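# Chains, contacts and geometry: an overview
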Amino acid sequence: MSKHFGAGNDPLHIRLDEFSAPLFQALLAYQRLAPVRFHMPGHKGGPGYPLEVAEAFRRHMFGMDVTETRGLDNLHVPSGVIRDAQALAARTFGADHTFFLTNGTTAGVHAMIMTTCKEGQKIVIPRDAHLSVIGGVILAGLVPVFVYPTIDPEWGISVGIPLEEYERALKEHPDAKACLITRPNYYGMAWDLKPLVKLCHDHGIPLLVDEAHGAHLHLHEDLPLSAVDMGADMVVQSTHKTLGSFTGSSMLHLVGNRIPPDRVQRMLAILQSTSPSYLLMTSLDIAATVVRMRGHQLMEKALELSARARKRLAEVEGVRVLDRPGMDRLKLTVSMVNRGIAGYELKSKLMDEYNVRVELADFENVVAFITYADTVETVDALVDAIKGLSEQGDRGVRARVHAGDQARFTSALFAPAERALLPRQATLAAHELIKLSQAEGRVCAEVVAPYPPGIPLLYPGEVIDSEHLDVIDTALSLGAAFRGLAAGSDGGLVVTVVKDVKR
Ligand SMILES: Cc1ncc(COP(=O)(O)O)c(C=O)c1O
């Protein structure tokens, strides 16, 4: 610890219990509650770090929060320790070139899009992409060409975009400049990308992969292959989600020689802060080094924990756990709809009654993220909580949520919509806030998306129709939260639409 923090050197004289900074107090309260964490970040509050490293990091945290000063390099023109750390990370994750990101995978998605496409050009993107993708489309002023996912009828989730969808899109739009895909998805669904890599390269265009949920995939043979290993040209990974770095820190990997690294560096200099956090950067360096030294062993442990949870949950009445060939089994998707508990309700009950927090809920399911920072104790706490809820008996909420609701919702969520304006035009146009109930026929100016996972129902420039309003109504009544909808002065919801444009 710095000498300035020694006892007797507290010039401010403010006691902790008087220090009413709202966010700080909320985080302290969260610490006191000490929930069992099955949400991001992957370090789960610390156990993802080797003890001595964690101790040194903790001790020097204030001192390490620095700016570009001698010996510490510069993220935007790396020629010293940042260049070296990035080169080691590239080796660790199998890439030819790696960039550290301090504005999350979101910045990496934007950089992939801005590196490969110019204003007015077309890009092929999944309808079930994360909203960072449409952000990139808006920033670059592109024309999105949508490809549509296949939906698992039993679980109601996207199981990926079939190759034929990309073939169709490229046949209809041979002038597209890049294809982007999200894989794995939030639920850990993964599939072979090699045919898509070949399709893109045969068309002379790059494949960009949003691998936000796959930073760990390269590390173990029982995990799906990483897009880096399958030859995708640009791959962005949220190191903070599944490995040990801090929230907001990610990596962008380049593979092969289709993408000039200097162009990526230029885009990142526009998209990222000129004061990138050294704490985030060093957390990336540490996370990469941890898995370079122990990656296989740590993933083995995490996979064993997942197998343990799956085995125990298989014995609990009324509980189903998603299991599909080739998926990432560290994502534990659990449904208790057959026990009368809807997904959003299950998430709340785990939190309120058992102090267990999962990452995501949808109508029917919750998703828990298992990482190498978990232990037998944490995984058993999750299973015991689910078991406890099952033993409380049937809640009989089937009147509100039926098996199959999720599939119906997902199909409606990913359905094509009428486009009146391009996303950038709609975003930059004059706008007004109107009541959602009066929005039919109006053109959306902002993404409307249930969050998490943040997959848009409506993209800017699309016409709001009655089915969209029904989907929103149903989702809200079952506990979903939406980005792009706000509470109006009378308590009803309002939405941002383009002024003076009606259908
Ligand atoms: C599929 C997907 N892509 C991109 C992102 C954005 O990642 P980040 O939060 O690191 O900016 C997320 C975040 O949840 C995501 O789920």
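Predicted model only: the values in this text are computed from it and were never measured.

### Digging into the overall build of the chain
- Looking only at helices and strands, one finds 16 helices and 19 strands in the chain.
- Relative to a compact globule of 503 residues, whose C-alpha radius of gyration would be 23 Å, the chain shows 23 Å and is just as compact.
- Dimensions of the chain, computed from the C-alpha atoms along their principal axes, are close to 65 × 60 × 50 Å.
- For the chain, the residues scored as buried account for 49% of the 503 residues in total.
- The long-range fraction of contacts in the chain, counting pairs at least 24 apart against all pairs at least 6 apart in sequence, stands at 72%.

### Comments concerning the sheet that holds strand 7 (residues 234-237)
- With mixed pairing, seven strands are arranged side by side in an open sheet as 2-8-7-6-5-3-4. Two strands close off the open sheet at either side, each with one partner strand: strand 2 (97-101) and strand 4 (143-147). Strand-to-strand twist of the sheet, defined as the mean angle between neighbouring strand axes without regard to direction, takes the value 20°.
- Here strand 3 (residues 122-126) pairs with strand 4 via five bridges, running parallel. Note on strand 4: the bridge partner recorded for Ile-123 is Pro-144.
- Sheet strands in contact with helix 6 (residues 131-140) are strand 3, strand 4, strand 5 (178-182) and strand 6 (207-210), and its direction is about 170° off that of strand 3.

### Focus on the site of the ligand
- If you check the shell around the ligand, you find 14 residues, and the closest are Gly-104, Thr-105, Thr-106, His-130 and Ala-212.
- The biggest single contributor to the shell around the ligand is helix 5 (residues 104-116), with four residues.
- A class-by-class count of the residues in the shell around the ligand yields four nonpolar, nine polar and one charged.

### Notes on the nonpolar core
- Of all hydrophobic cores here, the largest spans 146 residues; its most connected members are Ile-123, Val-124, Leu-180, Ala-232, Ala-368 and Leu-382.
- Counting residues per element, this core draws most heavily on helix 11 (residues 278-313), at 14 residues.
- For Ala-232, the contacting residues outside a window of four places in its chain are Leu-193, Val-197, Leu-207, Val-209, Ala-227 and Val-255.

### Focus: unusual backbone geometry
- In this structure, Pro-41 follows Met-40 across a cis peptide bond, with omega equal to 0°.
- Looking at the secondary structure, you find Pro-41 in the loop between strand 1 (36-38) and helix 2 (51-59).
- Of note in the backbone geometry, His-13 takes a positive phi value of approximately 50° without being a glycine.
- Following the sequence through the fold, His-13 ends up in the segment before helix 1 (22-33).
- Given 6 C-beta atoms within 10 Å, His-13 falls into the exposed group.
- A positive phi is found at Ala-34, a non-glycine position, where the angle reads about 45°.

### A word on the pairing of strand 8 (residues 250-254)
- Buried residues dominate strand 8, accounting for five of its five residues.
- Residues Ser-250, Leu-252 and Leu-254 point to one face of strand 8 and Met-251 and His-253 to the other, with burial holding for every one of them.
- Where strand 2 and strand 8 come together, five bridges link them in antiparallel fashion. Across the sheet, residue Phe-99 finds its bridge partner in strand 8, namely Leu-252.
- The sheet contact formed by strand 7 and strand 8 spans four bridges and is antiparallel. Note on strand 8: the bridge partner recorded for Val-236 is Leu-252.

### Topic: the packing of helix 5 against helix 6
- Axis separation between helix 5 and helix 6 bottoms out at 8 Å; the angle between their running directions is 45°. Relative to helix 6, the element helix 5 is oriented oblique. Helix 5 and helix 6 meet at a crossing whose hand is right-handed. On the side of helix 5, the interface is formed by Thr-105, Thr-106, Val-109, His-110, Ile-113 and Met-114, while helix 6 contributes Ser-132, Val-133, Gly-135, Gly-136, Val-137, Leu-139 and Ala-140.
- A class-by-class count of the residues in the contact of helix 5 with helix 6 yields seven nonpolar, six polar and no charged.

### Comments concerning the sheet that holds strand 12 (residues 360-361)
- One open sheet holds the four strands; their spatial order is 9-10-13-12, and the pairing between them is antiparallel. Of all the strands in the sheet, the pair left with one neighbour each is strand 9 (320-321) and strand 12.

### Let's talk about helix 7 (residues 163-172)
- For helix 7, every residue scored as buried is listed here: Glu-165, Tyr-166, Ala-169 and Leu-170. Each buried residue of helix 7 lies within a common arc of 125° when the element is viewed along its axis, so the set occupies one face. Across helix 7 from its buried face, at more than 90 degrees, point the exposed residues Glu-164, Lys-171 and Glu-172.
- As for helix 7, its buried residues are in contact with strand 3, strand 4, strand 5 and helix 8 (194-202).

What counts as what
- All chains use their own residue numbering, which begins from 1 and follows the written sequence.
- In keeping with the predicted nature of the model, local features appear solely for residues at pLDDT of at least 70, side-chain atom pairs appear and are counted solely at 80 or more, and the whole-chain, interface and lining totals rest on all residues.
- Helix numbers and strand numbers start at the N terminus; a helix is a DSSP run of H or I with at least 4 residues, a strand a run of E with at least 2.
- Here the globule rule reads 2.2 Å times residues to the power 0.38, and the radius of gyration is calculated from C-alpha atoms.
- We call a residue exposed when 12 or fewer other C-beta atoms sit within 10 Å of its C-beta, buried when the count reaches 20 or more, and partly exposed for counts in between; the C-beta positions come from the backbone.
- Here the contact rule is simple: place C-beta atoms from the backbone, and any two residues whose C-beta atoms are within 7 Å are in contact.
- Between any two strands, pairing holds if DSSP finds at least two bridges.
- Every angle, taken between N-to-C directions, lies between 0 and 180 degrees, and every axis is a line fitted to C-alpha atoms, over only the stretch in contact when it is a helix.
- All residues are tested the same way: a C-beta atom is placed from the backbone, and lying within 6 Å of a molecule or strand makes the residue near it.
- Note that Gly is not counted as nonpolar here; it falls among the polar residues with everything else outside the nonpolar set of Ala, Val, Leu, Ile, Met, Phe, Trp, Tyr, Cys and Pro and the charged set of Asp, Glu, Lys and Arg.
- Think of a nonpolar core as buried Ala, Val, Leu, Ile, Met, Phe, Trp, Tyr and Cys residues chained together by C-beta atoms that fall within 7 Å.
- In this scheme, roughly parallel covers angles under 35 degrees and roughly antiparallel covers those over 145, while 65 to 115 is roughly perpendicular and the rest are oblique.
- Here a crossing is taken to be left-handed if its near helix is turned anticlockwise relative to the far helix by less than a right angle, and right-handed if that turn runs clockwise.
- Our arc is simply the arc of the directions from the helix axis toward the C-beta atoms.

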